[in-house]
Amino acid sequence: MQAKKRYLILLSAGACLVLLFYFGGVQVPASSRNPNRRDDRSHGYHQDQPWPHFSDPLQHFIPWDQVETEDYNIHISPRQKRDVNSSVYRGKRCRMESCFDFSLCKKNGFKVYVYPQQKGEKISESYQNILSAIEGSRFYTSDPGQACLFVLSLDTLDRDQLSPQYVHNLKTKVQNLHLWNNGRNHLIFNLYSGTWPDYTEDLGFDIGQAMLAKASISTENFRPYFDVSIPLFSKDHPRTGGERGYLKYNSIPPFRKYMLVFKGKRYLTGIGSDTRNALYHVHNAEDVVLLTTCKHGKDWQKHKDARCDRDNTEYDK
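Because the structure is a prediction, the values reported are computed rather than measured.

(A) Fine view of helix 6 (residues 125–135). Listing the buried residues of helix 6 in full gives Ser 126, Tyr 127, Ile 130, Leu 131 and Ile 134. Viewed along the axis of helix 6, the buried residues span an arc of 135°, placing them on a single side of the element.

Rendered as structure tokens:
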């Protein structure tokens, strides 16, 4: 009996080895798999090729609405991530024909209403210049019933939480505006968004169906013919273009000493570093002056490169 058991065990083990060798080492002919199966060449492989081996571990599942910003949000909390996704992606498909009420413009023409400034609300000099420019134009109206476009008096220019210009509780304040109407026919201005080192495009509130006039907006979030891409300007930028008669000649390019000027921080790592690290290629210190400093962030010296000392010296001049 013991001998028979041993023979049965050996026979079973041998059969298993044969089956493993047959199915694991021998390819099954394509004609014998399934003659009625759809042609798999449209999926990126041919039927006469061996089955692919999936040796790499599967990646963690990421919802579709988190794919574009997941790499930049690793430093913020899950609650903040949800707020980012709701503010960036909600209303992403808005266009003029779907999120703008043209009937308001047909009644009284193109009139712009600026919300009255709320008591106790701080406002930056740059945003005050924008509002003053609108209020001083022929398009301004103090009557919201005559308006085609609405502009907030709440300062939305700087949405970096580390900035002293950051306005807190903006989400609640915007939602309490009785003319907000989910942002329809509203225009929101923004220069800075997100916080170092992530710099997401989170404004801290849901813009709804509002149009966005924003600097450094990504191509993924820019809504064509709806949003407005604006340059990043400093608080010292003049509100008007000089005295009347300043442009005496209609010359292009204008007769000026400098053709291109830029002065700012050179990001050694992270978002924007590739672009700003390449500026020195076109800097000639004559008519093209591009000055950058490496002094950005608390640990900038850890990422210091060979050009930093020279760049910092020219920047300080």
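(B) Representation of helix 9 (residues 308–316). Regarding helix 9, the residues found buried are Cys 308, Asp 311 and Asn 312. Angularly, the buried residues of helix 9 cover 100° about the axis, an arc narrow enough to put them on a single face. Where helix 9 is buried, its residues meet strand 10 (288–293).

(C) Looking closely at unusual backbone geometry. Even without being glycine, Asn 185 reaches a positive phi, approximately 65°. Position of Asn 185 among the secondary structure elements: in the loop between helix 7 (170–175) and strand 5 (186–190). Owing to a relative accessible area of 1%, Asn 185 belongs among the buried residues under this scheme. The backbone phi angle of Ala 285 is positive, close to 65°, even though this residue is not glycine. Residue position: Ala 285 is located in the loop between helix 8 (273–277) and strand 10. Look at Ala 285 and you get exposed, because its relative accessible area is 53%.

(D) Inspection of the side chain of Asn 190 at higher detail. Examined against the element boundaries, Asn 190 turns out to sit in strand 5. Asn 190 sits in the buried class, given a relative accessible area of 0%. In this structure the side chain of Asn 190 is engaged in a polar contact, spanning 3.1 Å, whose partner is the backbone oxygen of Leu 157. Apart from the residues within four sequence positions on either side, Asn 190 is in contact with Thr 156, Leu 157, Asp 158, Arg 159, Leu 203, Ala 213, Lys 214, Ala 215 and Ile 230.

(E) Seen up close, the sheet that holds strand 7 (residues 211–214). Here six strands make up an open sheet; going across it, the order is 2-1-3-5-7-8 and the pairing parallel. Looking at strand neighbours, the two that pair on one side only are strand 2 (140–141) and strand 8 (228–229), the edges of this open sheet. Note that strand 7 and strand 8 share two bridges and pair parallel. Of the residues in strand 8, the one forming a bridge with Lys 214 is Ser 229. In the packing of helix 6 onto the sheet, the strands contacted are strand 1 (112–114), strand 2, strand 3 (149–151) and strand 5, and the crossing angle to strand 1 comes to about 135°.

(F) Here's a closer look at the pattern of salt bridges. Across all of its chains, the model carries six salt bridges by this definition. The residue Arg 266 makes a salt bridge to Asp 305 at a minimum N-O spacing of 2.9 Å. Of this pair, Arg 266 sits in the loop between strand 9 (260–265) and helix 8 while Asp 305 sits in the loop between strand 10 and helix 9, placing them 39 residues apart in sequence. A relative accessible area of 0% means that Arg 266 is categorised as buried. The exposure class assigned to Asp 305 is partly exposed, which follows from its relative accessible area of 31%. Here Asp 311 ties to Arg 266 by a salt bridge, and the two come within 3.2 Å at their closest N and O atoms. Taken together, the residues Asp 311 in helix 9 and Arg 266 in the loop between strand 9 and helix 8 connect sequence positions 45 residues apart. The pair formed by Asp 311 and Arg 266 is uniform in burial state, with each residue classed as buried. Among the charged side chains, a salt-bridge network with shared partners connects Arg 266, Asp 305, Arg 307 and Asp 311.

(G) Representation of the environment of Tyr 115 within the structure. Along the chain, Tyr 115 falls in the loop between strand 1 and helix 6. Take Tyr 115: its relative accessible area is 6%, and that puts it in the buried class. With 35 residues separating them along the chain, Tyr 115 and Phe 150 place their C-alpha atoms 7.5 Å apart. Here the side chain of Tyr 115 touches His 186 through a polar contact of 2.8 Å, side chain to side chain.

Rules used throughout
- Residues numbered from 1 in each chain as written.
- Predicted model: local features only at pLDDT ≥ 70, side-chain atom pairs only at ≥ 80, totals over all residues.
- Heavy atoms only, no water.
- Buried < 20%, exposed > 50% of the residue type's maximum accessible area, 1.4 Å probe, protein only.
- Helix = DSSP H or I, 4+ residues; strand = E, 2+ residues; numbered from the N terminus.
- Arc of directions from axis to C-beta.
- Contact = heavy atoms within 4.5 Å.
- Polar contact = N/O pair within 3.5 Å; in protein donor to acceptor, adjacent residues only side chain to side chain.
- Pairing = 2+ DSSP bridges.
- Axes fitted to C-alpha atoms, helices over the stretch in contact; angles between N-to-C directions.
- Salt bridge = Lys/Arg side-chain N within 4 Å of Asp/Glu carboxyl O.

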